[in-house]
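Each chain, letter by letter, is given below.
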Amino acid sequence: MRFRHPDGTTVHLAYCTNVHAAEQLDGVLRQLTEYAEPVRRRLHRDRLGIGLWLARDAARTLTDDPAAVRRLRSGLDRAGLEVVTLNGFPYQGFGDEHVKYRVYRPDWTDDARLDHTTDLARLLAALLPDDVTEGSVSTLPLAWHTGFDAEARHRALTRLHTLAARLDALEELTGRSIRVGLEPEPGCTVETTADAIEALTGEDGPPAHRIGVCVDTCHLATAFEDPAKSLAALAEAGLTIVKSQLSAALHAEHPEQPEVRAALAEFAEPRFLHQTRARTPDGTLRATDDLDRALAPGALPTTGPWRSHFHVPLHAPLTPPLTATTPVLDETLTHLVGGPTPLTRHLEVETYTWQALPPALRPTTRAQLADGLAAELSTARDLLTGLGLKELP
């Protein structure tokens, strides 16, 4: 979906296909007709943007075979879909029954991450619509924090420098500019926007015109960041917001209450990591790597609210006593695109946890999932038009 900002800029809205499990190209192609095209039809749109997730094997098939790229682009065209952004965070196995810490491997200390991201950038340049010259790729924020020392940081940033040089060469060759954004996430070595600024603007930081930040509003909320201050700090540091993922986290205002803990326990599941943060009355944060650990007696203080990294659907309020951090999403989006000029041109709804929701909230058919994705996009569309953007045909 495309929108016209009052300053004339085109802002793209998509939904991220990492909600669909597919490691091979054939599975990706099936997603276009089984999910994305039905979502488009529910929204009564002739064209719909998707934030494509290409796992390692699918990306390698496309990289090795130009005919496969043409096949994918033809499939997108037939389904009325377009791609301006890729989700390059998960490398493989994101649809497995047990993902947890494995989503952070390989990290930016590993050449496999560099080569995969380079492949994604080249593929995106070939998949962009004919009238679009800028694409974005989100990636993990260097690495999970455990064992990440100064030497590992140097290796990671060196690879980002190499990536930036490859992106420069790609633009010279194709005329298309692809930018990559680190996506701060709780528990990673780049957890907050302040961490991103430190990593990307230091002496060994990569060129800012190629490597920027992907702002995920669930992650921002989980870390209890203030959207206005965080986005202002990025701007002051000269960092580009390559894209923003529109998402919401779990919020528990009174984690000391048994009924609240019981409600949170419904979201503690074995597939994904749900980093949880507790804010104490003095403003400090306490952390656990996962929600089930947070619920262990005494693991986190209960004198202030908790937030958990669980991407919950944007359109449906949660049943009390839990709430979603949609106010953080609303405020962030206001600062991103509600001002005189947009701070980013690529927006992506990223609720990949539909099948990890408690059973009562989980879709059981393809049609139900398509209904939910369309409802999320409709909610995002209403937010954008409410900020003065005009939906384009």
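Residues numbered from 1 in each chain as written. Predicted model: local features only at pLDDT ≥ 70, side-chain atom pairs only at ≥ 80, totals over all residues. Heavy atoms only, no water.

Caption draft 1: Quick look at the sheet that holds strand β12 (residues 306-312). One open sheet holds the 5 strands; their spatial order is β11-β10-β12-β9-β13, and the pairing between them is antiparallel. Only two strands of the sheet have a single partner each, and these edge strands are β11 (285-288) and β13 (323-324). (Pairing = 2+ DSSP bridges. Helix = DSSP H or I, 4+ residues; strand = E, 2+ residues; numbered from the N terminus.)

Caption draft 2: Structural context of helix α9 (residues 258-265). Residues of α9 that are buried: Val260, Ala263 and Leu264. Down the axis of α9, the sector holding all buried residues measures 100 degrees, keeping them to one side. The inward-facing, buried residues of α9 abut β9 (248-252), α10 (291-294) and β12. (Buried < 20%, exposed > 50% of the residue type's maximum accessible area, 1.4 Å probe, protein only. Arc of directions from axis to C-beta. Contact = heavy atoms within 4.5 Å.)

Caption draft 3: Geometry of the state of the cysteines. Taken as a whole and judged by the stated rule, the model has 0 disulfides. Not engaged in a disulfide, the cysteine Cys188 finds its nearest cysteine sulfur in Cys214; these two sulfurs lie 12 Å apart. Taking the relative accessible area as the measure of exposure, Cys188 reaches 4% and is therefore buried. (Disulfide = S-S within 2.5 Å.)

Caption draft 4: Looking closely at the pattern of salt bridges. In this structure the tally under the stated criterion is 23 salt bridges. Among the ionic pairs, Arg56 bridges to Asp57, the shortest N-O distance being 3.0 Å. The residue Arg381 makes a salt bridge to Glu391 at a minimum N-O spacing of 3.4 Å. Taken together, the positions of Arg381 in helix α12 (residues 366-386) and Glu391 in strand β15 (residues 390-391) put the pair 10 residues apart, joining distant regions of the chain. For Arg381, a relative accessible area of 15% corresponds to the buried category. Under the relative-accessibility criterion, Glu391 is labelled partly exposed at 23%. Counted as one network, the salt bridges with shared partners bring together Arg2, Arg47, Glu82 and Asp131. (Salt bridge = Lys/Arg side-chain N within 4 Å of Asp/Glu carboxyl O.)

Caption draft 5: Here's a closer look at the side chain of His12. Position of His12 among the secondary structure elements: in strand β2 (residues 10-16). According to the relative accessible area criterion, His12 is buried, its value standing at 9%. If near-sequence neighbours (up to four positions away) are discounted, His12 is found in contact with Met1, Arg2, Glu82, Val84, Val132, Arg345, His346 and Leu347.

Caption draft 6: View of the pairing of strand β8 (residues 241-246). With 6 of 6 residues buried, β8 is to be regarded as a mostly interior element. Pairing of strand β7 (residues 211-216) with β8 involves 4 bridges; the strand directions are parallel. Paired with Cys214 across the two strands is Lys243, which belongs to β8.

Caption draft 7: Examining the packing of aromatic side chains more closely. Under the definition given, this model contains 8 aromatic pairs. When the ring of Phe94 is compared with that of Phe272, the centres are 5.1 Å apart and the planes differ by 45 degrees; the resulting orientation is tilted. On the criterion of sequence distance, the pair formed by Phe94 in the loop between β4 (81-87) and α4 (111-127) and Phe272 in the loop between α9 and β10 (276-279) is long-range, its members being 178 residues apart. On the basis of relative accessible area, Phe94 is assigned to the buried category, the value being 6%. Between Tyr104 and Trp144 the ring centres are 4.9 Å apart and the planes differ by 35 degrees, which places this aromatic pair in the tilted class. You can see Tyr104 sitting in the loop between β4 and α4 and its partner Trp144 sitting in the loop between β5 (134-139) and α5 (150-174), a full 40 residues away along the chain. (Phe/Tyr/Trp six-rings, centres within 6.5 Å; stacked < 30°, edge-to-face > 60°.)

Caption draft 8: Geometry of the pairing of β12. Within β12, 7 of the 7 residues are buried, which leaves the element mostly enclosed by the surrounding structure. The alternating pattern of β12 places Trp306, Ser308, Phe310 and Val312 on one face and Arg307, His309 and His311 on the opposite face, and all of these are buried. Bridging between β9 and β12 involves 4 bridges; their strand directions are antiparallel. Its bridge partner lying in β12, Ala252 is registered against Trp306. Sheet topology note: the β10/β12 ladder contains 3 bridges and is antiparallel.

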